[in-house]
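Notes for the structure review
Each chain is listed here by its residues.
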Amino acid sequence: EGFPVTFIEAWSRGIPVVSTVDPDGVIAREALGCVADNVDALADGARNLLENRPRWRRYSRRVRQYYLRTHTIRSAARMYRCQIEQMLSKAHLHA
């Protein structure tokens with residue numbers, strides 16, 4: 001799976017992810033959770049989120065905002081519209 005739906009489901013509920021996979025670096029870039037390369041680091045990442053309520057709230061707000069900005073039907077439609085408008089604009093320039 002290129003981009004796990006479980007990430008999107010978690011983010012839609014304001015839940016940061018802890019993963020060994022970071023598609024296109026989005027988790028690290030957008031601070032949507034923790035990425036680690038072994039079980040101990042995954043456990044540490046989860047513990048760091050769960051045991052620090054202020055950190056959890058910050059991540060929770062961030063992942064929910066990211067979800068709303070990029071993964072809702074409305075945001076997807078907006079992205080498609082933008083792409084279609086760009087293609088039409090280019091087509092008119094070359095016509």
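Let me begin by describing the structure that accompanies this report. (Residues numbered from 1 in each chain as written. Predicted model: local features only at pLDDT ≥ 70, side-chain atom pairs only at ≥ 80, totals over all residues. Heavy atoms only, no water.)

Our next topic: the overall build of the chain. Helix and strand counts for the chain stand at 5 helices and 2 strands. Going from N to C terminus, the chain has its helices and strands arranged as α-β-α-β-α-α-α. Its C-alpha radius of gyration of 17 Å places the chain more than 25% over the 12 Å reference for a compact globule of 95 residues. Based on the C-alpha atoms only, the size of the chain along its principal axes is roughly 60 × 25 × 20 Å. Counting only residues that meet the buried cut, the chain has 28% of its 95 residues in that class. (Helix = DSSP H or I, 4+ residues; strand = E, 2+ residues; numbered from the N terminus. Rg over C-alpha atoms; globule rule 2.2 N^0.38 Å. Buried < 20%, exposed > 50% of the residue type's maximum accessible area, 1.4 Å probe, protein only.)

Here the focus is the packing of helix 1 (residues 5-12) against helix 4 (residues 53-70). It is the contact of helix 1 with helix 4, at a shortest axis distance of 8 Å, that shows an interaxial angle of 115°. Classified by the angle between their axes, helix 1 and helix 4 sit roughly perpendicular to one another. Read as a crossing pair, helix 1 and helix 4 show a hand that is left-handed. In this structure, helix 1 contributes Ile8, Trp11 and Ser12 to the contact, and helix 4 contributes Val63, Arg64, Tyr66 and Tyr67. Among the residues forming the contact of helix 1 with helix 4, the class breakdown is 5 nonpolar, 1 polar and 1 charged. (Axes fitted to C-alpha atoms, helices over the stretch in contact; angles between N-to-C directions. Parallel < 35°, antiparallel > 145°, perpendicular 65-115°, else oblique. Left-handed = near helix turned anticlockwise from the far one by under 90°. Contact = heavy atoms within 4.5 Å. Nonpolar A, V, L, I, M, F, W, Y, C, P; charged D, E, K, R; others polar.)

In total, this model carries 5 salt bridges according to the counting rule given. In this structure, the salt-bridge partner of Arg69 is Glu30, at a minimum N-O distance of 3.1 Å. Here Arg69 is found in helix 4, whereas its partner Glu30 is found in helix 2 (residues 26-30), with 39 residues between them in sequence. Judged by relative accessible area, Arg69 falls into the partly exposed class, the value being 45%. Taking the relative accessible area as the measure of exposure, Glu30 reaches 25% and is therefore partly exposed. Here Arg47 and Asp44 are joined by a salt bridge, their closest N and O atoms 2.8 Å apart. You can see Arg47 and its partner Asp44 sitting in helix 3 (residues 39-50), 3 residues apart, about one turn around the helix. Residue Arg47 is classed as partly exposed on the basis of its relative accessible area, which comes to 38%. Among the ionic contacts, a cluster of salt bridges with common partners joins Arg29, Glu30 and Arg69. (Salt bridge = Lys/Arg side-chain N within 4 Å of Asp/Glu carboxyl O.)

A few words now on the side chain of Ser12. Relative to the helices and strands, Ser12 resides in helix 1. In this view, Ser12 contacts Arg64 and Tyr67; residues no more than four positions away in its chain are not counted.

Such coordinate-based values are descriptive only and should not be taken to indicate function.
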